[in-house]
Amino acid sequence: GENVEQHPSTLSVQEGDSAVIKCTYSDSASNYFPWYKQELGKRPQLIIDIRSNVGEKKDQRIAVTLNKTAKHFSLHITETQPEDSAVYFCAASPGYALNFGKGTSLLVTP
Amino acid sequence: NAGVMQNPRHLVRRRGQEARLRCSPMKGHSHVYWYRQLPEEGLKFMVYLQKENIIDESGMPKERFSAEFPKEGPSILRIQQVVRGDSAAYFCASSPPFGTSGGNEQFFGPGTRLTVL
């Protein structure tokens, strides 16, 4: 089955800096790669996603890149703000089930 | 447009009791997924259902766990004879039919936090 590795597990940045989270996947059939943000005790919220026919997608301060050949994808957050502090999960899906990484705890300090 | 609803939000059971978790998908969504999240872990896929059909239950333990999504009413995840290791957050997600815009996108409910004493 699909195996998704996510790094780093924790990330601390100063407000205004950029944050990058990286994921690799194993199943070449995966074609959908969403990113979720989860605040403590809350539901995971979809923040951005990318499909295998696209290499990059941007939405305001967040962007995702996908390298199908290398089987890795990354989340980039620019101009970070304290409210960006949360756990971020990447996922990969060959069909319908989402296979999640273990998460990155991002802390943005003022 | 209400999001995915789950109840109860918190559930406490003693070992050996049954737990029933309910999920109502977003309006217009016909696909339901259940995931389990252990502390400090990512979410693990359990089961995928459409109305009156279990499509894939490969992530669900073979014993004590069952799921349904009846023609009327919410989807239910049922855990019989709970054990301490079942303590976790159980999230339900829903998506619109495949082939429609955003067919893969899964939207999560607030979760049910199950504690087994």
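Residues numbered from 1 in each chain as written. Chains lettered and ligands numbered in written order. Predicted model: local features only at pLDDT ≥ 70, side-chain atom pairs only at ≥ 80, totals over all residues. Heavy atoms only, no water.

**Re the sheet that holds strand β8 (residues 75-79) of chain B**
Residues and elements named next belong to chain B. Pairing is antiparallel in the open sheet, where four strands are placed in the order β1-β3-β8-β7. Both edges of this open sheet fall to β1 (5-7) and β7 (65-68), since each of them pairs with a single strand only. Looking at each pair of strands side by side, their axes are set apart by 15° on average, direction ignored. With five bridges connecting them, strand β3 (residues 19-24) and β8 associate as antiparallel partners. The residue of β8 that forms the bridge with Leu21 is Leu77. (Pairing = 2+ DSSP bridges. Helix = DSSP H or I, 4+ residues; strand = E, 2+ residues; numbered from the N terminus. Axes fitted to C-alpha atoms, helices over the stretch in contact; angles between N-to-C directions.)

**Some details on the pairing of strand β5 (residues 43-50) of chain B**
Along any regular strand the residues' side chains alternate between the sheet's two faces. All names here are of chain B. With six of eight residues buried, β5 lies mostly within the body of the structure. Looking at chain direction, strand β4 (residues 31-37) and β5 are connected through seven bridges and run antiparallel. Residue pairing across strands places Tyr33 opposite Tyr48, the latter belonging to β5. Hairpin remark: β4 followed by β5, antiparallel, with five residues in the connecting loop; positive phi at Glu40, about 65°. Bridging between β5 and strand β6 (residues 53-56) involves three bridges; their strand directions are antiparallel. Within the sheet, the bridge partner assigned to Leu49 lies in β6 and is Ile54. In this antiparallel pair of consecutive strands, β5 and β6, the connection spans two residues, and Glu52 shows a positive phi of 65°. (Buried < 20%, exposed > 50% of the residue type's maximum accessible area, 1.4 Å probe, protein only.)

**Concerning the packing of aromatic side chains**
With the rule as written, the count across this model stands at 14 aromatic pairs over all chains. With centroids separated by 5.2 Å and ring planes inclined at 85°, the aromatic side chains of Tyr36 of chain A and Phe108 of chain B adopt a geometry described as edge-to-face. Of this pair, Tyr36 of chain A sits in strand β4 (residues 32-38) while Phe108 of chain B is found in strand β10 (residues 107-108), placing the two residues in two different chains. Here Phe108 of chain B falls in the buried class, since its relative accessible area comes to 3%. Relative to Phe108 of chain B, the ring of Phe100 of chain A lies with its centre 6.2 Å away and its plane at 70°, an arrangement referred to as edge-to-face. In this pair, Phe100 of chain A is assigned in strand β10 (residues 99-100) and Phe108 of chain B in strand β10, connecting two distinct chains. (Phe/Tyr/Trp six-rings, centres within 6.5 Å; stacked < 30°, edge-to-face > 60°.)

**Here's the deal with the pairing of strand β9 (residues 86-92) of chain A**
Residue and element names in this part refer to chain A. The buried fraction of β9 amounts to six of the seven residues, a majority that puts the element mostly inside the structure. Relative to strand β11 (residues 104-109), β9 is paired through three bridges, and the arrangement is antiparallel. Across the sheet, residue Ala86 finds its bridge partner in β11, namely Leu106. For β9 and β10, the ladder comprises two bridges, and the chain directions are antiparallel. Looking at the pairing, Ala92 lines up with Asn99 of β10. In this structure, the hairpin formed by β9 and β10 is closed by a connection of six residues.

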